[in-house]
Amino acid sequence: MEPKQMEEMFADLEGIISRLENGECSLEESFALYEQGVRLVRDCGARLDKVEKQMILLQEEGQENGF
């Protein structure tokens, strides 16, 4: 299975937040949604950290090459 795009992950998070805010979920459903949301936030954070590190490396390489 191909990893989700960031946009898809953000859309999933928005859906989770919306469902939790409407207050119609049972406690069990709310907890499962919360867990799913935490995983998505962690995944998004890890991807953003990876991209940031790549950008820093590219910037450093550019500076070394006179760009």
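All figures in this text were calculated on a predicted structure; none of them were measured in a lab.

A.B. asks: I keep staring at the overall build of the protein chain and nothing clicks. Help me out?
C.D. replies: Each helix and strand in the protein chain was counted, giving two helices and zero strands. Relative to the compact-globule value of 11 Å for 67 residues, the protein chain shows a C-alpha radius of gyration of 18 Å, a clear excess of over 25%. Taken over the C-alpha atoms alone, the protein chain extends approximately 60 × 25 × 15 Å along its principal axes. Looking at the 67 residues of the protein chain, the share that counts as buried comes to 15%. Of the accessible surface of the protein chain, which amounts to about 5,800 Å², a share of 55% is contributed by carbon and sulfur atoms. Counting 7 positive and 16 negative side-chain charges, the protein chain places the centres of these two groups 5 Å from one another.

A.B. asks: Quick question: what am I supposed to make of helix α2 (residues 27-64) here?
C.D. replies: The α-helix advances 3.6 residues per turn, and as a result positions three or four apart in sequence lie on the same side. Its 38 residues give α2 an end-to-end C-alpha distance of 55 Å, which sits within 8% of 56 Å, the value for a rise of 1.5 Å per residue. Residues of α2 that are buried: L33, G37, L40, C44 and G62. In this structure, the buried side of α2 is in contact with α1 (6-22). Directly beyond the C-terminal end of α2, a positive phi value near 80 degrees is found at G66.

A.B. asks: I'm lost on the nonpolar core in this one. Help?
C.D. replies: Note on soluble globular proteins: their nonpolar side chains tend to be buried together. Among the nonpolar cores identified, the biggest contains eight residues, and these are M6, M9, L13, I16, C25, L33, L40 and C44. Of all elements in the fold, only α1 and α2 reach the threshold of two or more residues within this core. The element best represented in this core is α1, accounting for four residues. Those residues in contact with M6 that sit more than four places away from it in its chain are C44, R47 and L48.

A.B. asks: What is the right way to look at the environment of N22 in this model?
C.D. replies: Take N22: it is sitting in helix α1. When the C-alpha atoms of N22 and I56 are compared, they prove to be 41 Å apart, with 34 residues separating the residues in sequence.

Parameters and conventions
- Residues numbered from 1 in each chain as written.
- Predicted model: local features only at pLDDT ≥ 70, side-chain atom pairs only at ≥ 80, totals over all residues.
- Heavy atoms only, no water.
- Helix = DSSP H or I, 4+ residues; strand = E, 2+ residues; numbered from the N terminus.
- Rg over C-alpha atoms; globule rule 2.2 N^0.38 Å.
- Buried < 20%, exposed > 50% of the residue type's maximum accessible area, 1.4 Å probe, protein only.
- Areas by Shrake-Rupley, 256 points an atom, 1.4 Å probe, with all protein chains shown as cover.
- Lys, Arg positive; Asp, Glu negative; His and termini not counted.
- Charge placed at Lys NZ, Arg CZ, Asp CG, Glu CD.
- Expected span 1.5 Å × (residues − 1).
- Contact = heavy atoms within 4.5 Å.
- Core = buried A, V, L, I, M, F, W, Y, C linked by side-chain atoms within 4.5 Å.

These values are about where atoms sit, not about what they do.
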